[in-house]
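# Overview (structure and organization)
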Amino acid sequence: MNGFYFQLLALFVILLPLSILVAVLIKCAYSPAINNSWINRFPKTIIRLCGLSTNEMSWDVYAKALMITNLAGIALVYLIQIFQEYLPLNPQGFSNVASSLALNTSVSFVSNTNWQAYSGESSLSYLTQMLALTSQNFLSAATGISVLFALMRGLTRKESSSIGNFYSDLVNSIWYCLLPLSFIVAIFLCYTGVPQTFSEYPAVQSVQSIENVSEILPVGPVASQVAIKQLGTNGGGYYGINSAHPLENPTPLSNLLELLSILLIPAASYLAYGAIIKNRKEGYMLYGTMTFLFIVFAGICYHSESGVINNLEGKEVRHGVVGTTIWAVATSLTSSGSINGAHDSLSPIAGAVPMVAMQLGEVVFGGVGSGFYGLISFIIATVFISGLLVGRTPEYLGKKIGSFEMQMSAVCMLLPCILVLVGTAIGGKFGDIAGTVLNKGPHGFSELLYAYTSMGNNNGSAFGGFPAGLQLHLILGSFIMFGSRFLPIIATLAMAGSFAKKKVVPKSAGTLPTDTITFMALLVTVIFLLGALSFFPAIALGPIADFLTVF
Amino acid sequence: MNNEAIIDSFVRLNPKTQLKNPVMFVVYAGAIACSVISIFAFSNNDVSEGSFSFFIAFWLWATVLFANFATAIAESKGRAQANSLKRTRNQLKAKRYIGNSDTLEEVSASDIDLDDKFLVIAGEVIPADGEVISGMAFVDESAITGESAPVIRESGGDRSSVTAGTMVLSDSIIVKASCKSGEGFIDKMIKLVEGAKRQKTPNEIALTILLSAITLVFLVVCAALVPFSEISIALSGQGKVITPTIVIALLICLAPTTIGGLVSAIGVAGMNRLLKKNVIALSGRAVEAAGDVDVLLLDKTGTITLGNRYAVEFYPEQGYARNVLVEASYISSLSDDTPEGKSIIDLALSQHITLPPKDELIKNGVSVAFSAQTRVSGFTMDSREIRKGAKDRIYKMAKEAGYSWSQEFEKIVDAISARGGTPLLVSENSKILGVIELKDIVKTGIRDRFASLRKMGIKTVMVTGDNPLTAAAIAAEAGVDDFIAEATPENKMDLIKKYQNEGRLVAMTGDGTNDAPALAQADVAVAMNSGTQAAKEAGNMIDLDSNPTKLLEVVETGKQLLITRGALTTFSLANDIAKYFAIVPAAFASTYPVLVALDIMYLSSPKSAILSAVIFNAVIIPALIPLALRGVKYSADGAEVLLRRNILTYGVGGLILPFVGIKAIDMLISLFGGLS
């Protein structure tokens, strides 16, 4: 067995027991045990202290609370950036961030995209990194989990008008799940050598220079941010080059740990879901299906990268082709977007893999919370078509799928596709693409397409060579990231509200089981078909033409 | 009929009609755009672009017309059926009184107007709904009640109303019509069938939303191709920008036009298929709901058991030999032509007793027919007056003649009633000889039918007026999942509500006025045409044959309707893959000639590739019209099996077929000189 398959196997063998444990945490956050220990009282106390109520909400109230919280988040991150010069914890004395960049960064972090048009270590203060960015890493992930919780309630409740309380979901998912996990991961990262400090950037002896010259080494509260950036599928690194930086990801062990962290919560969500809908088999089937897709994607990526020669361009030698390709697939299938190598340097087909992985809508594992609620839209479309094929008005978990649910899931499935295409078209047409992007020919198109694919699916990873700092891309990108995050969220909540009101149809022999291999195969087909149909021409003009030109 | 449909396809080009179907409206708009482009190109002397756009425009118009034709032909079939319905109605004759005189004239049933009086004599079918104003008759409403025993209809009181389509068996009655000519129930139904008022069903709306959303994405995909093409040219420094005609062609090929064009035809055809089975669906929604039904409430009599009862045993009164009873029963039924009478003869003959030959007896005696007054029938010869009848009548007769009967005998009679049988008492010269037990017979094959329903996930519930014990026995014999005994309109209604609260969809059949509330409550309510007006108004389907077993076929038709929609949607989307492989390399051939590697069909030229895809997209619609009208075959299998089979046929088939089809069309185009 070569190193690639061994690492892949090791990854999933370790992931399974960990995700079973994390599923327990997610279930705790979904419905915390009612007893009087301080652990259970804490979230309620926090919410009360903020002057908010923990009463059940109808979907529109839930959505309103979510939007206000997130808009306030955008405002806060924006303000901290444009005034960081006047704020404490800025030992390097970084100046205020320009407004369009600040807007882009705030939308990017609040929407869990973590598209980085800046380089953290050379432009953001410790306060900005921690209070603005790290806190959003938590909040955006928790928002995703909250929406998933609301949808799960919608699917499991009978004739109910409420879908939970947003503030409780938000705080509970941080308190029971994100915070303890990040704490553990951060400690482990420190152990592997990732810095965690408030001190100034130290001067160190350069290893490369022959003369006795010292260099400034950027450090800071790195481990704490990297932990949540990985766990929350945020992906916004402390350093500009993300986990390719030796201080953000120093050793193979840290690499494995960070890789596990990316997949942990999305994978555990399937198992928690199975437990909550009282069909564990469905949870495991989804888990298995997504693992299978992961292996297929990684296999394609690895083999086209190591085919003729081992393509080491743009890779950290300590990760090699194996470590980089597995990471590339993990980061693009989940909406993480953190990177440990340059995707732009991947060969055309290997580079198309993360692009296609994102274009599927970030539903194979996907983002924390968001990957799964996005997947449910695809499940509903699949159930709809297959329900027709067996001659029954389609139902999922006993809930009849009517035209309203169809509308909402169409928004969730198709809006990201539309935003990516529109973004690529506008960004390319008005951005003087031929003059600004690094490469000519189809590879240049790939760089453009990758950037908007990443923003339009809230991923955040980037193909190098794209002029991310241009005003047009900053502003357009902000709108796209915002739209592709929050419109599907509102649609999902509306769907949750509508499902909650419905009766539950009892199961019968005529009911289409959704926990079988047939259904999973169909689900995968629907996901791929929709992705392929939306992006085939664009992929043809980018990676495919690139591949055909090179070979 | 086809000519009519062809004309109708052109009439439907009206933009208002087209707007109702978003997918086809996109094709319609594309056809207009390509026509305009073609005209402009020709006027600019760009013959190559002009003729290419002309061909594309031509086939886009063809696509629209084909889709129109599909709907038109489905609706014209409905009309044809309505016409035949009218014909049968018109063929029914009536004997109408002229004015207030006693003179009769023979008119068509459809001419009977409100307050017209007409005469119906034994053996005739009642031509219109009305009230009996004179006379008394036995009317066979067996199709309604399932009971072979005819019911009395007489003037005045509760039993004066008669329904069209039922048959007078004895005597004659004069009836006053209770509805206007052309406003009878059938007339209303004919209007419905003619399709004027068809509304989209919930599932059809959900599907249309999905299809529209997909079309919208393709609209964006295709619109983005123009800037994508420009960006690529800027990046690679070569090629021509993709033309609007190609963008439109790609859009139409990708849009789910196959299902979009056939979706309304499928809906209409579903109602038509029911009509062929003589069931009129008052709304498409009901047909669709039928596919979803989880629980069937079935009347025992007529549906589960043969409506007629059969003789199964003779029980003599104390002091009489069994042979005496058998012989008397045999004689009493000699000229009784009802199934019950025949079954008595058969049973008697099977008892290995020497019985007098039939012909001789008939020569020597007189048969006494069943009449409304006496409610007994029998045979009189010499001094023997042999009678058989219901227990109260025979008891009364015996009592009046001064005879008594044993307590044991009374017990036997009551026991027969108690186990759901019908006791038929036999007497000679008013002296009670014994009793014949008549019993319900479960229909052959009904067990298998219920088993296959169970496989489809449908629960069957038997509804009967019998006592729980009898009901349980018959339920077990028939293999139903559940039963409700001593059914009253109230507990029927409660049962439906109970199932509905569990989230199930309930279907039932009904006929009587007392069924009306339950019918109104049920999700699928099939009213018997022979039933009362109230029942028919409460139901959402009418069964013209008044056959309660129809419910099963209604369910199958509903399922077929949904499956046909699903199959064509899957097919339509699967087709897109091949179309991409045909059009994308052709569209960007000038910018990236290397993309020709994607042309795995080796099509002769870029233009021919695009046109072939468009032609395939157009001709697949008429090719699938028969399937849309006929419906995809349905078999009672579990969901999983059905899903796998349909995906293989329509998904995988839909993936492969266009590769073959587009290649074949491309070769044909080359034969005719090709396009370059």
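Being a predicted model, the structure only gives us computed values, none of them experimental. (Residues numbered from 1 in each chain as written. Chains lettered and ligands numbered in written order. Predicted model: local features only at pLDDT ≥ 70, side-chain atom pairs only at ≥ 80, totals over all residues. Heavy atoms only, no water.)

Turning to the overall build of chain B, a few remarks are in order. Of regular secondary structure, chain B possesses 24 helices and 21 strands. By the compact-globule yardstick of 26 Å for 676 residues, chain B is too spread out, its C-alpha radius of gyration being 34 Å. Among the 676 residues that make up chain B, the fraction classed as buried is 56%. Of the contacts formed within chain B by residues at least 6 apart in sequence, a portion of 69% connects residues at least 24 apart. (Helix = DSSP H or I, 4+ residues; strand = E, 2+ residues; numbered from the N terminus. Rg over C-alpha atoms; globule rule 2.2 N^0.38 Å. Buried < 20%, exposed > 50% of the residue type's maximum accessible area, 1.4 Å probe, protein only. Contact = heavy atoms within 4.5 Å.)

What follows covers the overall build of chain A. Summing up its helical and strand segments, chain A has 18 helices and 4 strands in all. Relative to the 2.2 N^0.38 estimate, which gives 24 Å for 551 residues, the radius of gyration of chain A is 22 Å and therefore close to what a compact globule would have. Judged by the C-alpha coordinates and their principal axes, chain A covers about 80 × 60 × 50 Å. Looking at chain A residue by residue over its 551 residues, the buried ones come to 66%. Considering only intrachain contacts with a sequence separation of at least 6, the fraction spanning at least 24 residues in chain A is 78%. Looking at chain A as shown, the accessible area adds up to about 18,500 Å², and 69% of this sits on carbon and sulfur atoms. In chain A, 24 positive and 23 negative side-chain charges are present, and the distance between their average locations comes to 20 Å. (Areas by Shrake-Rupley, 256 points an atom, 1.4 Å probe, with all protein chains shown as cover. Lys, Arg positive; Asp, Glu negative; His and termini not counted. Charge placed at Lys NZ, Arg CZ, Asp CG, Glu CD.)

All names here are of chain B. Of all the 5 residues making up strand 17 (residues 459-463), 4 are buried; the element is thus mostly covered by neighbouring parts of the structure. As defined by bridge partners, strand 10 (residues 295-299) adjoins strand 17 across 5 bridges and the pair is classed as parallel. Bridge assignment links Leu298 to a residue of strand 17, and that residue is Met462. Direction of pairing for strand 17 relative to strand 18 (residues 482-484): parallel, over a ladder of 3 bridges. Paired with Val461 across the strands is Asp482, a residue of strand 18. With helix 18 (residues 468-478) bridging strand 17 and its parallel neighbour strand 18, the resulting β-α-β unit is right-handed. (Pairing = 2+ DSSP bridges. Right-handed = clockwise from strand over helix to strand, strands pointing away.)

Now for the side chain of Asn617 of chain B. All names here are of chain B. Tracing the backbone shows Asn617 in helix 23 (residues 606-630). Taking the relative accessible area as the measure of exposure, Asn617 reaches 1% and is therefore buried. Among the polar contacts made by the side chain of Asn617, one reaches the main-chain carbonyl oxygen of Ile252 at a distance of 3.2 Å. Filtering out sequence-adjacent residues up to four positions away, Asn617 remains in contact with Thr63, Ile252, Cys253, Thr257, Thr258 and Lys579. (Polar contact = N/O pair within 3.5 Å; in protein donor to acceptor, adjacent residues only side chain to side chain.)

With that out of the way, let us pick up the pattern of salt bridges. The full count for this structure, using the stated rule, is 23 salt bridges over all chains. With its nearest N and O atoms 2.7 Å apart, the salt bridge here joins Arg157 of chain A to Glu56 of chain A. Taken together, the residues span a long stretch of sequence, with Arg157 of chain A in the loop between helix 6 (126-156) and helix 7 (166-192) and Glu56 of chain A in the loop between helix 2 (38-49) and helix 3 (59-82) at a distance of 101 residues. A salt bridge links Glu405 of chain A to Lys502 of chain A, with the nearest nitrogen and oxygen atoms 3.2 Å apart. With a gap of 97 residues between them, Glu405 of chain A in helix 14 (residues 403-430) and Lys502 of chain A in the loop between helix 17 (471-501) and helix 18 (517-550) connect regions that are remote in the sequence. Among the charged side chains, a salt-bridge network with shared partners connects Glu395 and Lys400 of chain A together with Asp292 of chain B. (Salt bridge = Lys/Arg side-chain N within 4 Å of Asp/Glu carboxyl O.)

If you look at the biggest cluster of nonpolar residues, it comprises 324 residues, and the most contacted ones within it are Phe294 and Leu375 of chain A together with Phe228, Leu296 and Met541 of chain B. The greatest single-element share of this core, amounting to 19 residues, is contributed by helix 22 (residues 550-587) of chain B. Structurally, this core is a two-domain feature, drawing no fewer than three residues from each of domain 1 (19-202 + 215-278) and domain 2 (369-550) of chain A. (Core = buried A, V, L, I, M, F, W, Y, C linked by side-chain atoms within 4.5 Å. Domains from an automatic or database assignment.)

For the rest of this paragraph, the subject is the domain arrangement of chain A. A common way to express how large an interface is: the accessible area buried when the components associate. Residue and element names in this part refer to chain A. Segmentation of chain A into domains returns domain 1 (19-202 + 215-278) and domain 2 (369-550). For domain 1 versus domain 2, the distance between C-alpha centres works out to 23 Å. Opposite the 43 residues of domain 1 that make contact, domain 2 presents 42 residues. Overall, the association of domain 1 and domain 2 removes approximately 3,600 Å² of surface from exposure, summing both partners, and the carbon and sulfur fraction of that is 77%. At the surface where domain 1 touches domain 2, the tally comes to 0 salt bridges. Between domain 1 and domain 2 we count 12 residue pairs in polar contact (both at pLDDT 80 or more) in total. Mapped onto the side of domain 1 that touches domain 2, the elements with two or more residues apiece are helix 3, helix 4 (99-110), helix 6 and helix 9 (252-276). Considering every element that reaches the side of domain 1 that touches domain 2, the biggest residue donor is helix 6, with 10 residues. Grouping the constituent residues of the side of domain 1 that touches domain 2 by class yields 23 nonpolar, 17 polar and 3 charged. (Buried area = accessible area lost by both parts, 1.4 Å probe. Nonpolar A, V, L, I, M, F, W, Y, C, P; charged D, E, K, R; others polar.)

It is worth spelling out the environment of Met601 of chain B at this point. Residue and element names in this part refer to chain B. With respect to the helices and strands, Met601 occurs in the loop between helix 22 and helix 23. For Met601, a relative accessible area of 6% puts it in the buried group. On a C-alpha basis, the gap between Met601 and Ala582 in space is 7.3 Å, while along the polypeptide they are 19 residues apart. Every residue in contact with Met601, bar those within four places of it in the chain, is listed here: Ala578, Phe581, Ala582, Phe659, Ile662 and Lys663.

A separate point is the packing of helix 14 of chain A against helix 18 of chain A. All names here are of chain A. In contact at an axis separation of 11 Å, helix 14 and helix 18 are set at 20° when each is read in the N-to-C sense. Judged on the interaxial angle alone, helix 18 and helix 14 are roughly parallel. Viewed along their axes, helix 14 and helix 18 form a crossing whose handedness is right-handed. Contacts from Met413, Leu414, Cys417, Val420 and Leu421 of helix 14 reach helix 18 at Leu530, Ser534 and Phe535. (Axes fitted to C-alpha atoms, helices over the stretch in contact; angles between N-to-C directions. Parallel < 35°, antiparallel > 145°, perpendicular 65-115°, else oblique. Left-handed = near helix turned anticlockwise from the far one by under 90°.)

So, about the interface of chain B and chain A. Between chain B and chain A, the residue contacts involve 63 residues of the former and 60 residues of the latter. Interface area for chain B against chain A, summed over the two sides, is near 5,200 Å², with a carbon-plus-sulfur share of 76%. Sorting the residues of chain B by area buried against chain A places Phe228, Leu235 and Leu643 of chain B first, and these three jointly supply 13% of that buried surface. On the surface where chain B and chain A come into contact, there are 2 salt bridges.

So, about the sheet that holds strand 17 of chain B. Residue and element names in this part refer to chain B. One open sheet holds the 7 strands; their spatial order is 9-21-20-19-10-17-18, and the pairing between them is mixed. Strands with a single pairing partner mark the edges of an open sheet, and in this sheet they are strand 9 (279-281) and strand 18. Sheet twist, expressed as the mean angle between neighbouring strand axes with direction ignored, is 20°. As judged from the 3 bridges shared by strand 20 (residues 524-528) and strand 21 (residues 541-543), these two strands associate in the parallel manner. Its bridge partner lying in strand 21, Ala527 is registered against Ile542. Strands strand 9, strand 10, strand 19 (506-510), strand 20 and strand 21 of the sheet are contacted by helix 22, whose axis makes an angle of about 160° with strand 10.

We now examine empty space enclosed by the protein. All names here are of chain A. As enumerated under the stated definition, the model contains 9 cavities of 30 Å³ or more in all. Volume-wise, the largest cavity comes out at about 240 Å³. Together, 19 residues line the largest cavity, and Gly361, Ser370, Tyr373, Pro416 and Ser484 are the ones closest to its centre. In terms of residues, the lining of the largest cavity owes the most to one element, helix 13 (residues 370-389), which gives 5 residues. (1 Å grid on protein atoms, 1.4 Å probe; cavity = no way out; pocket = protein on both sides within 12 Å on 5 of 7 lines; lining within 4 Å. Points joined across faces, edges and corners; volume = space filled by probe spheres on them.)

All right, on to helix 7 (residues 202-236) of chain B then. All names here are of chain B. Relative to the 51 Å expected for 35 residues at 1.5 Å per residue, helix 7 spans 50 Å between its end C-alpha atoms, a close match to the ideal helical length. Most of helix 7 sits out of view: 25 of its 35 residues are buried. Of the residues one or two after helix 7, Gly237 is the one with positive phi, at around 75°. (Expected span 1.5 Å × (residues − 1).)

Residue and element names in this part refer to chain A. Within the secondary structure layout, Ile184 lies in helix 7. The class for Ile184 is partly exposed, based on a relative accessible area of 46%. Separated by 39 residues in the primary sequence, Ile184 and Ala223 place their C-alpha atoms 11 Å from one another.

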